[in-house]
Amino acid sequence: MPAIERVLVVGATGRTGRHVVAAAATQGLTPVALARDESRARKVLPGGTEIVVGDLTAPDTLGQAVRDIDAVIFVHGSDDDSRPESFERIDYGGVAHVLGALGDRRPRIVLQTTIFVTRRDHHFNDSGHALDWKRRSERLVRLSGAPYTIVRPGWLDAGEGGAHLRIEQGDTGEAGIGRDALGALLVEALLDDTALDKTFEVFSGPGPATTDFTALFTGAEPDAPGALDAVEDSPNMPLDAEPARVRDDFAHLRTS
């Protein structure tokens, strides 16, 4: 696996993204923060952070963002329930557009989605199908051919907090996780090959801070090669019932 130095952070100015930027810098990486508004980004990110201007909903603005990067960490997402279409445009479309801007390059990817992403009857899926679009973004990454880790964090800033981490699979658990602990884990997943090609939920709680991430990631089973979904996901989202645009995106990735 090639060495990783420059990491594009998608969603860098968000509350979790800022922790990712800081954790990447602590690890000696160069975080490249994607932002729509450079002046705002400079107000919330550490001084000296490299910022590249681009808009996830405008693919023609992303060419500069993906140039000369070795990896991508996605921590973006819409929380605008007043505009239900935003989940398709941002959570799913942002991943699709970055993959498109990369062309035939396949850098290492860490994608953050959420727990409950497979629970289609949950009320979070009522307006705009937010969970479905996050799950579709996972499928894009799995089909892309890029080395990846997909992380489904528990409820952010909820629960007992702490930096003692545990991971689960199957999307059956429910607890919280601190954003600082999550940001550190996302960067560790980028650098540790035991996290490759795995999808898992992660929660934090009281206890000794997790420092052996290799042991943590080793506890997760890898996804089946070429599979749409994670290793223990419920088969409740059939491909033939997916929107035509999504099926076209998947077909393109499978043949590229």
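About the thresholds
Residues numbered from 1 in each chain as written. Predicted model: local features only at pLDDT ≥ 70, side-chain atom pairs only at ≥ 80, totals over all residues. Heavy atoms only, no water. Core = buried A, V, L, I, M, F, W, Y, C linked by side-chain atoms within 4.5 Å. Buried < 20%, exposed > 50% of the residue type's maximum accessible area, 1.4 Å probe, protein only. Helix = DSSP H or I, 4+ residues; strand = E, 2+ residues; numbered from the N terminus. Salt bridge = Lys/Arg side-chain N within 4 Å of Asp/Glu carboxyl O. Pairing = 2+ DSSP bridges. Axes fitted to C-alpha atoms, helices over the stretch in contact; angles between N-to-C directions. Expected span 1.5 Å × (residues − 1). Bend = angle between axes of the 7 residues up to and from the residue. Contact = heavy atoms within 4.5 Å.

*Asks:* When you look at the nonpolar core in this model, what are you seeing that I'm missing?
*Replies:* Generally speaking, soluble globular proteins have nonpolar side chains that are buried together. Core analysis: the largest hydrophobic core is formed by 36 residues, its most contacted members being Ile73, Leu185 and Leu186. Contributing elements (two or more residues each) for this core: strand S1 (6–10), helix H1 (17–26), strand S2 (30–35), strand S4 (71–74), strand S8 (164–168), helix H6 (179–191), strand S10 (198–205) and helix H7 (213–218). Counting residues per element, this core draws most heavily on H6, at seven residues. By size, the runner-up hydrophobic cluster in this structure holds 33 residues, among which are Leu8, Val66, Val95 and Ala96.

*Asks:* Looking at this structure, I do not really get the pattern of salt bridges. What am I missing?
*Replies:* If the charged atoms of two oppositely charged side chains come close together, the side chains can form a pair. Scanning the model with the defined rule gives 18 salt bridges in all. As a salt-bridge pair, aspartate 91 and lysine 134 come within 2.7 Å of each other at their nearest N and O atoms. In this pair, aspartate 91 is assigned in helix H4 (residues 86–102) and lysine 134 in helix H5 (residues 130–143), connecting sequence segments 43 residues apart. Neither aspartate 91 nor lysine 134 differs from the other in exposure class; each is buried. The closest approach of N and O atoms between glutamate 138 and arginine 142, which form a salt bridge, is 2.9 Å. Here glutamate 138 and its partner arginine 142 are both found in helix H5, four residues apart, which amounts to about one turn of the helix. The burial state of glutamate 138 is the same as that of arginine 142; both residues are buried. Taken together, the shared-partner salt bridges in this structure form one network comprising Glu138, Arg142, Arg152, Glu201, Asp223 and Asp233.

*Asks:* Just checking my understanding: could you explain the sheet that holds strand S3 (residues 50–53) for this structure?
*Replies:* Strand pairing in a sheet takes place through backbone hydrogen bonds and is either antiparallel or parallel in direction. Spatially, eight strands are ordered S3-S2-S1-S4-S5-S6-S10-S8 in an open sheet, and the strand pairing comes out mixed. Every other strand in the sheet has two partners, leaving S3 and S8 as the edge strands with one partner each. Here the strands of the sheet are splayed against their neighbours by 25° on average, with no regard to which way each runs. Of the pairings in the sheet, the one linking strand S5 (residues 108–112) to strand S6 (residues 148–153) comprises four bridges and is parallel in character. Paired with glutamine 112 across the strands is valine 151, a residue of S6.

*Asks:* Explain H4 here, please?
*Replies:* Because an α-helix completes one turn every 3.6 residues, residues spaced three or four positions apart along the sequence face the same direction. Look at H4: 23 Å from first C-alpha to last across 17 residues, which is about the 24 Å you get at 1.5 Å a residue. Where H4 bends most, at glycine 93, the angle is about 50°. The set of residues buried in H4 consists of Ser86, Phe87, Asp91, Tyr92, Gly93, Gly94, Val95, Ala96, Val98, Leu99 and Leu102. Of the surrounding secondary structure, the elements contacted by the buried residues of H4 are helix H3 (63–66), S4, S5, H5 and helix H8 (244–255). Glycine 103 lies just past H4 and shows a positive phi near 65°.

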